[in-house]
Amino acid sequence: MTQNRTARDAIYLAACAVNGTVPEADRVRTMDLDAVYALAARHLIGAAIAYALESAGVRDSRSAAAIAAAMRKTALFERAWNDIKAQLEARGIWYMPLKGAVLKSYYPKYGMREFADHDILFDATRAGDVRAVMEGLGFTTERFGTSNHDIYHKPPVLNFEMHSALFGPSHDEKLYEYYRNVEDRLLGEGCEKRFSPEDFYLYFLAHEYKHYSGGGTGLRSLLDTYILLNRAPLNMNYVAAEAERLGIAEFEQQNRALALRLLGGEALSEADGEMLDYMLSSGTYGTINHRVENRMRKHGWGKLRYMLDRFLVPVSKKNRSYAAFAGMYPLFYKHKLLLPLLPFYRTFRAMRAGRFKREAQAIRQVK
């Protein structure tokens, strides 16, 4: 285990926040709060840290700003979501809030659970109507019809990801197939749908696993796991059976054990420490280094094979990535003669955005 003092302090404060306990004054006095806040920002747990510190009487501009910003953002999203929801219901479009849009209300303090966007599942046959709703409410369409979710933005901070499906064909095959006909699992009459507590937990884990096995995921996901496990008793026999079907049984067990021990103040096992190290190095949204390493490990590729795969594009509909590529690059797939140019176009875009250089550096660093 290689967690440093800053990480231990941040985790301690986060644990105090989610458990509603007051941090020890003597310990807080010895903390490097600049470093703690910097780490918290990378993991989107700054508001939780600030709430814990304020409960211990440590009130400064940083804690006040973190809490005020989180509360303001939460309020703006709630107001916008109420407007969107009313429009969806008026048009008879079913919907279901996902992930942070639900989790934020489970935390002990308003605004404690930070987020960058709201994710909403909706009736995929009504995508055009949903777009009309969003644009009618002043949102700009950032992406539409190119993946399993459309993206809408409205200044200053509102980002909504409207999901026509929970996973796309380019994602893990077991996750995609399991959630392909998700309507069969939904509860609720009328337009507003919901998962059972167990199914909400399973989808949350499936989503986290997608990130964890890709570029990685960070401390916020452990706080979410802890909150969900302590909110209400779950039928763990059902969870275990469905996690096995999803192909995430091992991840569910390890993630649950780590969250409960870490935030419950228990000693960690060696396996817990390794998982925590990985999460600490990932931050909230993962890193390009982890993404490259995990992809190479998953497929058993060397560096050359990895680079070749990144340059190739699917040309057969039998390829699981075909639909995803066709959605992202419709012009090239509509006019098939242009497909040989697509690898160069993708490379050019990656170079302009700086992604090409970062990924090349990550490939070189793989041992």
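The structure under discussion appears in the preceding block.
Keep in mind that what you see is a predicted model, and the values were worked out from it rather than measured.

Draft legend 1. Representation of the overall build of the chain. The helix and strand inventory of the chain stands at 19 helices and 5 strands. The globule rule puts the C-alpha radius of gyration for 367 residues at 21 Å, and the 22 Å found for the chain is close to it. C-alpha atoms of the chain, sized along the principal axes, occupy 70 × 55 × 45 Å. Burial status across the chain gives 48% buried among its 367 residues. When contacts within the chain are restricted to residue pairs at least 6 apart in sequence, those whose partners lie at least 24 apart make up 64%. Accessible area for the chain stands at about 18500 Å²; split by element, carbon and sulfur atoms hold 52% of it. Of the charged side chains in the chain, 51 are positive and 42 negative; the average position of the first set lies 7 Å away from that of the second.

Draft legend 2. The arrangement of the pattern of salt bridges in detail. Enumeration according to the criterion identifies 18 salt bridges in this entry. Linking Lys99 and Asp119 is a salt bridge whose minimum nitrogen-to-oxygen distance equals 3.4 Å. Here Lys99 is found in the loop between strand S1 (95-98) and helix H6 (100-103), whereas its partner Asp119 is found in strand S2 (residues 118-122), with 20 residues between them in sequence. Pair check on accessibility: Lys99 and Asp119 agree, each one buried. Ionic pairing is found between Glu359 and Arg310, a salt bridge with its closest N-O pair at 2.7 Å. Taken together, the positions of Glu359 in helix H19 (residues 355-365) and Arg310 in helix H15 (residues 303-311) put the pair 49 residues apart, joining distant regions of the chain. Here Arg310 falls in the partly exposed class, since its relative accessible area comes to 36%. In the salt-bridge network here, residues are joined through shared partners; they are Arg185, Asp199, Glu242 and Arg245.

Thresholds applied
- Residues numbered from 1 in each chain as written.
- Predicted model: local features only at pLDDT ≥ 70, side-chain atom pairs only at ≥ 80, totals over all residues.
- Heavy atoms only, no water.
- Helix = DSSP H or I, 4+ residues; strand = E, 2+ residues; numbered from the N terminus.
- Rg over C-alpha atoms; globule rule 2.2 N^0.38 Å.
- Buried < 20%, exposed > 50% of the residue type's maximum accessible area, 1.4 Å probe, protein only.
- Contact = heavy atoms within 4.5 Å.
- Areas by Shrake-Rupley, 256 points an atom, 1.4 Å probe, with all protein chains shown as cover.
- Lys, Arg positive; Asp, Glu negative; His and termini not counted.
- Charge placed at Lys NZ, Arg CZ, Asp CG, Glu CD.
- Salt bridge = Lys/Arg side-chain N within 4 Å of Asp/Glu carboxyl O.

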